[in-house]
Amino acid sequence: MRAAAILVAAGSGTRFGAGQPKQFANVAGKPVVRWAAECLLPHVAHLQPVGDPALLGPALAGLGCLPAVPGGGARQDSVRAGLEALAPLAPDVVLVHDAARPCVPGHVVPALLAALARVPGAIPALPVADTLKRAAGGRIEATVERAGLFRAQTPQAFHYPTLLRLHRQSGATGLTDDAALLEDAGLAVDLVPGAEDNIKLTYPEDLMRLERALAPAMLPRVGIGFDVHALAPDRALVLCGVVVPHALGLAGHSDADVGIHALCDAIYGALAEGDIGRHFPPSEATWKDADSAHFLAHAAGRIVARGGRLANADVTLICEKPKITPHAAAMQARLSELLGVGPGLISVKATTTERLGFAGRGEGIAAQVVATVLLPA
Ligand code: CTP
Ligand code: MG
């Protein structure tokens, strides 16, 4: 059984609005129409896109689709154009799919193709769950019996010669799906289970639902970091990327920014990628007096390289002096800038140790950080 598919993408998306037709909007990193094509391609020998070739060419580049053919004024005309373009290839069966449906679960197409062994047409559909009302002018006229009502989705599957013949013969206009042609001709069309995620992008608010359905699942990973540097004369005090006026600075190989070092270690820990010393060995002269901003940029780059994002980081500086609170907002802003995230994700706070221990005696400053990174599951 040779299967082909038609992807109708010639609509203008008037209910959606926006500058370009909705099927070219980006969802979860790809144009909607590209997601839709990728749902069908594993199941068919040929995929015929219908719509503006200048827009479809780039959106479907590299997928191995047939060259796009222009559509018509109504959806039915666009389907017809696709069917005619496939005629030289004479497939046995054809799937007709809305380019505006980018999320077809894997079980749908095999169920449709299996049904075509029994009947000339099959569509995915879901039973209506809500109570239905007929209304006019905002007032209910009647309750509509819900039993036996289904919501039709695409892709819809047909014996190709049957659908081509019916489209050529049809005088009906304004049909919003292809099953209707078989129904009118008295031919059997079976239902297979549809899917709630098989959303048709119709209104702007559908974008959020699709984004959720298509975005890869992300799992939280928590990392912890801790660092200490000794206070020493003749050094600038750099904490969380901010120079803090103080009589003493922190001693160390780099600029000794204890806050950034602990933050880097928390991120490396969340990624299970070692610690700051592994990435920037203190034995290397390059890092002498280095700006620790460089280390944090590297840690942020590792998150991106793993396809993740930072969910939050909570930095605690531990020292008796200087007072951190007056500088906390600047530190938060600088860290967010270096990490490329909103300031709301980064917290900087401080505590003393009640004059106890090395921090209490003013011999050094410690920092403790917890960070959460979201990584693809
Ligand atoms: N379609 C098409 N040719 C048309 C009209 C619609 O190829 N003349 C396609 C759309 O691109 C979409 C699918 O048919 O993939 C379903 O149509 P619909 O959701 O109604 O899309 P639009 O017609 O673009 O949107 P609207 O009705 O809001 O203008
Ligand atoms: Mg329409």
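The preceding data block contains the structure.
Position numbers for residues count from 1 along each chain, tracking the sequence in the order it is written. Chains carry letters from A onward and ligands carry numbers from 1 onward, assigned in written order. For a predicted model such as this one, the threshold for reporting local features is a pLDDT of at least 70, and the threshold for listing and counting side-chain atom pairs is 80 or more; totals across whole chains, interfaces and linings nevertheless cover every residue. Water and hydrogen atoms play no part in the side-chain values, which are based on all heavy atoms of the structure.

### Describing the packing of aromatic side chains
- The pairing test for Phe, Tyr and Trp rings, Trp by its six-membered ring, is centres within 6.5 Å, and the orientation test on the planes gives stacked under 30 degrees, edge-to-face over 60, and tilted for anything in between. What the rule picks out here adds up to one aromatic pair.
- For the pair F280 and F295, a centre-to-centre distance of 4.5 Å together with 40° between the ring planes defines the contact as tilted. Linking F280 in the loop between α9 (276–279) and α10 (293–305) with F295 in helix α10, this pair joins segments that are 15 residues apart in sequence. Here the two residues F280 and F295 agree in accessibility, since each one is buried.
- Only lysine NZ and arginine CZ atoms are considered, and such an atom sits over a ring when it is within 6 Å of the ring centre and within 35 degrees of the ring normal. Geometry around W35 places K30 over its ring, the cationic atom sitting 4.0 Å from the centre. Helix numbering and strand numbering both begin at the N terminus, where a helix is a DSSP run of H or I of at least 4 residues and a strand a DSSP run of E of at least 2. Note on exposure labels: buried denotes an accessible area under 20% of the residue type's maximum, exposed denotes more than 50%, and partly exposed covers the range between, all computed with a 1.4 Å probe on protein chains only.

### Observations regarding the site of ligand 1
- Think of it this way: one heavy atom of a residue within 4 Å of a molecule or strand is enough to make that residue near it. Lining the immediate environment of ligand 1, one finds 19 residues, of which A10, G13, T14, S78 and K200 sit closest.
- G11 places a main-chain nitrogen or oxygen 3.0 Å from an oxygen atom of ligand 1.
- In short, Shrake-Rupley with a 1.4 Å probe defines the accessible areas, and a residue's cover is counted only from the protein chains shown. Burial of ligand 1 by the surrounding chains reaches 88%, relative to a free accessible area of 560 Å².
- Each residue gets one label: Ala, Val, Leu, Ile, Met, Phe, Trp, Tyr, Cys and Pro are nonpolar, Asp, Glu, Lys and Arg are charged, and the others, such as Gly, are polar. Of the residues that constitute the shell around ligand 1, the class distribution is six nonpolar, eight polar and five charged. Nitrogen and oxygen atoms within 3.5 Å of one another constitute a polar contact, given that in protein one can donate a hydrogen and the other can accept it, and given that sequence-neighbouring residues count only through two side-chain atoms.

### Quick look at helix α4 (residues 108–115)
- Burial in α4 covers these residues: V108, V109, L112, L113 and A115. Seen end-on, α4 carries its buried residues on one side only, within an arc spanning 160°.
- On its buried face, α4 sits against α1 (32–40), β5 (93–98), β6 (121–127), β10 (156–159) and β11 (189–193). Each direction from the helix axis to a C-beta atom contributes to the arc, which is the arc of those directions. A contact between two residues is defined here by any heavy atoms of the two lying within 4.5 Å.

### Comments concerning the nonpolar core
- For this analysis, a nonpolar core means a set of buried residues of the types Ala, Val, Leu, Ile, Met, Phe, Trp, Tyr and Cys, connected via side-chain atoms within 4.5 Å. With 46 residues, the main nonpolar core has L239, I267, L296, L310, L317, M331 and L335 as its most contacted residues.
- At the level of elements, α8 (258–271), α10, β16 (309–318), α11 (325–339), β17 (346–351) and β18 (364–376) are the ones that each hand at least two residues to this core.
- Ranked by residue count, the leading element in this core is α8, at 10 residues.
- Apart from residues no more than four positions distant in its own chain, L296 is found in contact with I260, L263, C264, I267, L335, L338 and L339.
- Counting residues in hydrophobic clusters, the runner-up holds 29 residues, among them A5, C39, L47 and V93.

### A look at the pattern of salt bridges
- Any carboxyl oxygen of Asp or Glu within 4 Å of a side-chain nitrogen of Lys or Arg constitutes a salt bridge here. Taken as a whole, this structure holds 15 salt bridges when the rule is applied.
- A salt bridge links R101 to D98; the shortest N-O distance between them is 3.3 Å.
- Residue D98 is classed as buried on the basis of its relative accessible area of 10%.
- When the shortest N-O distance is used, the salt bridge between E337 and R334 registers 3.3 Å. Taken together, the positions of E337 and R334, both in helix α11 and three residues apart, correspond to about one turn of that helix.

### Looking at the environment of D255
- Looking at the element boundaries, D255 is found in the loop between β15 (249–250) and α8.
- Leave out the neighbours within four places in its chain, and D255 touches R235, V238, L250, H261, D289, A290, D291 and S292.
- Here the side chain of D255 touches S292 through a polar contact of 2.5 Å, side chain to side chain.

### Focus: a nonpolar patch on the surface
- Taken together, V222, I224 and V370 make up a surface patch of nonpolar side chains, about 290 Å² in accessible area.
- Overall, the relative accessible area of 36% leaves V370 in the partly exposed class. Note on patches: the residues involved have over 30% relative accessible area and no salt bridge, like charges join within 9 Å, and the nonpolar side chains Val, Leu, Ile, Met, Phe, Trp and Tyr join within 5 Å.

### Description of the packing of α8 against α11
- Relative orientation of the contacting elements α8 and α11 amounts to 45°, with a least axis distance of 13 Å. It follows that α8 is oblique to α11 by the angle criterion. Note that α8 runs across α11; the crossing there is right-handed. Touching I260, L263 and I267 of α8 are L335, L338 and L339, all from α11.
- Looking at the contact of α8 with α11 residue by residue, the classes come out as six nonpolar, no polar and no charged. Note on method: axes are straight lines fitted to C-alpha atoms, helices fitted across the in-contact stretch only, with angles between N-to-C directions ranging 0 to 180 degrees. Note on angle classes: values under 35 degrees are labelled roughly parallel, values over 145 roughly antiparallel, values of 65 to 115 roughly perpendicular, and the remainder oblique. Each crossing is labelled by how the near helix is turned from the far one, with a counterclockwise turn of less than a right angle marking it left-handed and a clockwise turn marking it right-handed.

### Here's the deal with the sheet that holds β18
- With mixed pairing, five strands are arranged side by side in an open sheet as β15-β12-β18-β16-β17. Of all the strands in the sheet, the pair left with one neighbour each is β15 and β17.
- Following DSSP output, two strands are said to pair if at least two bridges run between them. Pairing of β16 with β17, which is carried by six bridges, proceeds in the parallel orientation. Bridging across to β17, T316 finds its partner in K349.

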